[in-house]
Amino acid sequence: MKNDWRLTNQIDYLSCKTLIQVPYTPYSETWTHDHCEFCSETIDETTKDAYCTEDKYHWICKDCFKDFKEMFDWRIKNN
Ligand SMILES: [Zn+2]
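Anyway, here's the lowdown on the structure attached to this text. Computed from a predicted model, the values in this text were never measured in an experiment.

Quick word on the coordination of the zinc ion
Ideal coordination angles are 109.5 degrees for a metal with four donors arranged tetrahedrally and 90 or 180 degrees for a metal with six donors arranged octahedrally.
Inference 1: Only C36 (SG), C39 (SG), C61 (SG) and C64 (SG) from the protein reach the zinc ion as donors, at distances of 2.3 Å.
Inference 2: Classification of C64 by relative accessible area gives buried; the value is 1%.

So, the sheet that holds strand β1 (residues 18–21)
Inference 1: Taken in spatial order, the four strands of this open sheet run β5-β4-β1-β6, and their pairing is mixed. Of all the strands in the sheet, just β5 (59–60) and β6 (75–77) have a single pairing partner and so form its edges.
Inference 2: One ladder, built from three bridges, connects β1 with β6; its direction is parallel. Each bridged residue has a counterpart across the sheet, and for T18 the counterpart in β6 is R75.

Regarding helix α2 (residues 62–72)
Inference 1: Along α2, the residues classified as buried are C64, F65, F68 and F72. Within α2, the buried residues cover an arc of 105° as seen down the axis, which keeps them to one side.
Inference 2: Buried residues along α2 sit in contact with α1 (10–14), β1, β4 (51–53), β5 and β6.
Inference 3: Following α2 by one or two positions, D73 adopts a phi angle in the positive range, close to 55°.

Examining the side chain of Q10
Inference 1: Mapped onto the elements, Q10 comes out in helix α1.
Inference 2: For Q10, the side chain forms a polar contact with the main-chain oxygen of R6, separated by 2.9 Å.
Inference 3: Setting aside chain neighbours within four positions, we find Q10 in contact with S15, E37, F38 and F72.

Focus on the pattern of salt bridges
Inference 1: Throughout the structure, instances matching the rule amount to five salt bridges.
Inference 2: Of the charged contacts, one joins R6 and D4 as a salt bridge, the two residues approaching to 2.9 Å between their closest N and O atoms. Both residues of the pair, R6 and D4, count as buried.
Inference 3: Salt-bridge contacts for D67 lead to R6; the nearest nitrogen and oxygen are separated by 2.9 Å. Of this pair, D67 sits in helix α2 while R6 sits in the segment before α1, and the two are 61 residues apart along the sequence.
Inference 4: Using a relative accessible area of 26% as the deciding quantity, one classes D67 as partly exposed.
Inference 5: Connected through salt bridges with shared partners, the residues D4, R6, K66 and D67 form a single ionic network.

Digging into the pairing of β1
Inference 1: By the bridge criterion, three bridges tie β1 to β4 in an arrangement that is antiparallel. From the neighbouring strand, I20 faces β4, where its bridge partner is C52.

Calculation rules
- Residues numbered from 1 in each chain as written.
- Predicted model: local features only at pLDDT ≥ 70, side-chain atom pairs only at ≥ 80, totals over all residues.
- Heavy atoms only, no water.
- Donors = N, O, S within 2.8 Å, 3.2 Å for Na, K, Ca; no water.
- Buried < 20%, exposed > 50% of the residue type's maximum accessible area, 1.4 Å probe, protein only.
- Pairing = 2+ DSSP bridges.
- Helix = DSSP H or I, 4+ residues; strand = E, 2+ residues; numbered from the N terminus.
- Arc of directions from axis to C-beta.
- Contact = heavy atoms within 4.5 Å.
- Polar contact = N/O pair within 3.5 Å; in protein donor to acceptor, adjacent residues only side chain to side chain.
- Salt bridge = Lys/Arg side-chain N within 4 Å of Asp/Glu carboxyl O.

This is how it looks when you write it as structure tokens:
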């Protein structure tokens, strides 16, 4: 897993973060979608089970969340 192609420098800004699971909400009104921080999959209003940081700036798809949650030690905040 350490050499996974999806890993770049996310550990610098996503390690030990609190994540929330919400329907996609654009960070800016001019944006229509975002991309997973790891695999770049498109995340938009049709995406189910995406995760984001509390400021809704960084988005993570459910597959990457599952694969990296132990490595990054994420906490999930329930609404
Ligand atoms: Zn992903």
